[in-house]
Amino acid sequence: MDHEIAAIHYAANRKNLPTGDDMDRLKGKVAIVTGAAQGIGAVYARGLAAEGAAVAVCDVLDATGVASDIVKQGGRAIAGKVDVTDGDSVSRFVQRVIAELGPVDVLVNNAAIFGGLTKKPFYEIATEEWDRVMTVNTRGVLEFSRAVVPGMKARNQGRIINIASATIYSGTPLLLHYVASKGAVLAMTRSMARELGDFGIGVNAIAPGITMSESVRHDYADAQQLLASQMQRRCFKREQLPEDLVGPLVFLASDDSAFVSGQTYIVDGGSTLQ
Ligand SMILES: NC(=O)c1ccc[n+]([C@@H]2O[C@H](COP(=O)([O-])OP(=O)(O)OC[C@H]3O[C@@H](n4cnc5c(N)ncnc54)[C@H](O)[C@@H]3O)[C@@H](O)[C@H]2O)c1
């Protein structure tokens, strides 16, 4: 199924959801999305803004285009260049967000080394590459979470949403560092939820299936058969689009999920069933 048809199915699936003025489930909230210069992170940022949140986007890439798009649409947004593994830079960015947008209500730990990773047998992964993937994908979650937690604790409220991957359930071969890092994100989500519940902070994860972000379209341009076989395993046999993840994200960011914590929501069109 091509991209346009997938988009039509997506629109059909969402036709009963609120639109326009009804979309204010995050009005008054301030959200940070990491790794949001492009790809799924940019879609998350736009989706949160569409629900009324003020959004701070950051990335090692330039994320100003995403922030200015949101502002042009009438929203509030700022952008920063931040490496999630650099604790000082993360902390400075969080302080800036608080000064310019207000106290942080929602953190989406989306940044990861994913697009551009070359598949290879685990015994051929160089130690440096293993360390870099694990550091960005797991310590990045730690650095950003610990920077926002004091402010959330002080207000006895907050939502942290970690982006894992459905790949951890399927024994995906040839990406052991990535799969291990996302397994760690699931485990971190559970432990963080237990540590932070007494302070009114919910911590949950989203585990997306293979999703047609720019990097996936680029990396899988020659792997149509692989994508087709993955689609056949789904209940909904179509491409997964970044927009498919926005509804679950908004739910986890909003007060609708106030009594939900420590969970990992698999959003993969019903490929992994639990
Ligand atoms: N696309 C998929 O099929 C898929 C499936 C499951 C999970 N995910 C996860 O969803 C998220 C987004 O996926 P995507 O397809 O948009 O990936 P992507 O690789 O296109 O985007 C990741 C973003 O993170 C940024 N980033 C990387 N290292 C960083 C660092 N040190 N500091 C700050 N930013 C950094 C990149 O610049 C990029 O903009 C990732 O966490 C990915 O692991 C994606």
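Analysis parameters
Residues numbered from 1 in each chain as written. Predicted model: local features only at pLDDT ≥ 70, side-chain atom pairs only at ≥ 80, totals over all residues. Heavy atoms only, no water. Helix = DSSP H or I, 4+ residues; strand = E, 2+ residues; numbered from the N terminus. Rg over C-alpha atoms; globule rule 2.2 N^0.38 Å. Buried < 20%, exposed > 50% of the residue type's maximum accessible area, 1.4 Å probe, protein only. Areas by Shrake-Rupley, 256 points an atom, 1.4 Å probe, with all protein chains shown as cover. Near = heavy atom within 4 Å. Polar contact = N/O pair within 3.5 Å; in protein donor to acceptor, adjacent residues only side chain to side chain. Nonpolar A, V, L, I, M, F, W, Y, C, P; charged D, E, K, R; others polar. Contact = heavy atoms within 4.5 Å. Axes fitted to C-alpha atoms, helices over the stretch in contact; angles between N-to-C directions. Parallel < 35°, antiparallel > 145°, perpendicular 65-115°, else oblique. Left-handed = near helix turned anticlockwise from the far one by under 90°. Phe/Tyr/Trp six-rings, centres within 6.5 Å; stacked < 30°, edge-to-face > 60°. Lys NZ or Arg CZ within 6 Å of the ring centre and 35° of its normal. Core = buried A, V, L, I, M, F, W, Y, C linked by side-chain atoms within 4.5 Å. Salt bridge = Lys/Arg side-chain N within 4 Å of Asp/Glu carboxyl O. Pairing = 2+ DSSP bridges.

## Observations concerning the overall build of the protein
Next, step 1: For the protein, the count of helices and strands is 9 helices and 7 strands.
Next, step 2: Here the C-alpha radius of gyration of the protein, 18 Å, is about what a compact globule of 274 residues would show, namely 19 Å.
Next, step 3: Projected onto its principal axes, the C-alpha coordinates of the protein cover approximately 50 × 45 × 35 Å.
Next, step 4: A burial count over the protein gives 49% of its 274 residues as buried.
Next, step 5: Of the roughly 13,100 Å² of accessible surface on the protein, a fraction of 53% belongs to carbon and sulfur atoms.

## Some remarks on the site of the ligand
Next, step 1: Among the 29 residues in the neighbourhood of the ligand, the closest are listed as D59, N110, Y178, T211 and S213.
Next, step 2: Within the side chain of Q38, a nitrogen or oxygen atom sits 2.9 Å from an oxygen atom of the ligand.
Next, step 3: Here the ligand, which alone exposes 820 Å², has 94% of that area covered by the protein.
Next, step 4: Of all the secondary-structure elements, those providing two or more residues to the shell around the ligand are helix 2 (39–50), helix 5 (127–155), helix 6 (176–196) and helix 7 (214–219).
Next, step 5: Its residues assigned to classes, the shell around the ligand comprises 15 nonpolar, 10 polar and 4 charged.

## Considering the environment of E100
Next, step 1: Along the chain, E100 falls in helix 4 (residues 87–100).
Next, step 2: Taking C-alpha positions, E100 is 8.2 Å from I78, a pair spaced 22 residues apart along the chain.
Next, step 3: If we ignore the near neighbours within four places in the chain, the residues touching E100 are R76 and I78.

## Focus: the packing of helix 2 against helix 9 (residues 246–253)
Next, step 1: With their axes 10 Å apart at the nearest point, helix 2 and helix 9 run at an angle of 55° to one another. One finds that helix 2 runs oblique with respect to helix 9. Two packed elements cross with a definite hand, and for helix 2 against helix 9 that hand is right-handed. Between helix 2, through V43, Y44, G47 and L48, and helix 9, the contact on the second element is made entirely by V246, L249, V250 and A253.
Next, step 2: Looking at the contact of helix 2 with helix 9, its residues break down into 7 nonpolar, 1 polar and no charged.

## Here's the deal with the packing of aromatic side chains
Next, step 1: In total, this model carries 4 aromatic pairs according to the counting rule given.
Next, step 2: For the pair F114 and Y178, a centre-to-centre distance of 4.9 Å together with 35° between the ring planes defines the contact as tilted. Placement of F114 in the loop between strand 4 (106–109) and helix 5 and of Y178 in helix 6 is noted, with a sequence separation of 64 residues between them.
Next, step 3: The class for F114 is partly exposed, based on a relative accessible area of 27%.
Next, step 4: Taking the centre distance of 5.4 Å and the plane angle of 75° together, the rings of F122 and Y123 count as edge-to-face.
Next, step 5: For Y123, a relative accessible area of 64% corresponds to the exposed category.
Next, step 6: The aromatic ring of F199 is capped on one face by K153, whose charged end is 4.3 Å from the ring centroid.

## Details of the nonpolar core
Soluble globular proteins tend to pack their nonpolar side chains together in the buried interior.
Next, step 1: Core analysis: the largest hydrophobic core is formed by 34 residues, its most contacted members being L48, V55 and V57.
Next, step 2: Mapped onto this core, the elements with two or more residues apiece are strand 1 (30–34), helix 2, strand 2 (54–59), helix 3 (64–72), strand 3 (77–81), strand 4, strand 5 (158–163) and helix 9.
Next, step 3: At 7 residues, the largest contribution of residues to this core is made by helix 2.
Next, step 4: Residues within four places of V55 in sequence aside, it is in contact with A31, V33, A45, L48, A49, I70, R76, A77, I78 and L101.
Next, step 5: Within the second largest apolar cluster, 32 residues are counted, among which are L101, A147, V148 and M152.

## Looking at the pattern of salt bridges
Next, step 1: Enumeration according to the criterion identifies 11 salt bridges in this entry.
Next, step 2: Its salt-bridge partner being D69, residue R46 comes within 2.8 Å of it at the nearest N-O pair. In this pair, R46 sits in helix 2 while D69 sits in helix 3, placing the two residues 23 residues apart along the sequence.
Next, step 3: The salt bridge involving K120 is made with E129; its shortest N-O contact spans 2.7 Å.
Next, step 4: Overlapping salt bridges, with partners in common, bring together R139, E143 and R146 in one network.

## What to know about the sheet that holds strand 1
Next, step 1: Taken together, the 7 strands give an open sheet; going across it, the order is 3-2-1-4-5-6-7, and neighbouring strands pair in parallel fashion. Only two strands of the sheet have a single partner each, and these edge strands are strand 3 and strand 7 (264–267). Neighbour-to-neighbour, the strand axes of the sheet open up by a mean angle of 15°, direction not taken into account.
Next, step 2: Across the sheet, helix 3 touches strand 2 and strand 3, and the angle it forms with strand 3 is around 175°.

Shape descriptors only; they carry no functional weight alone.
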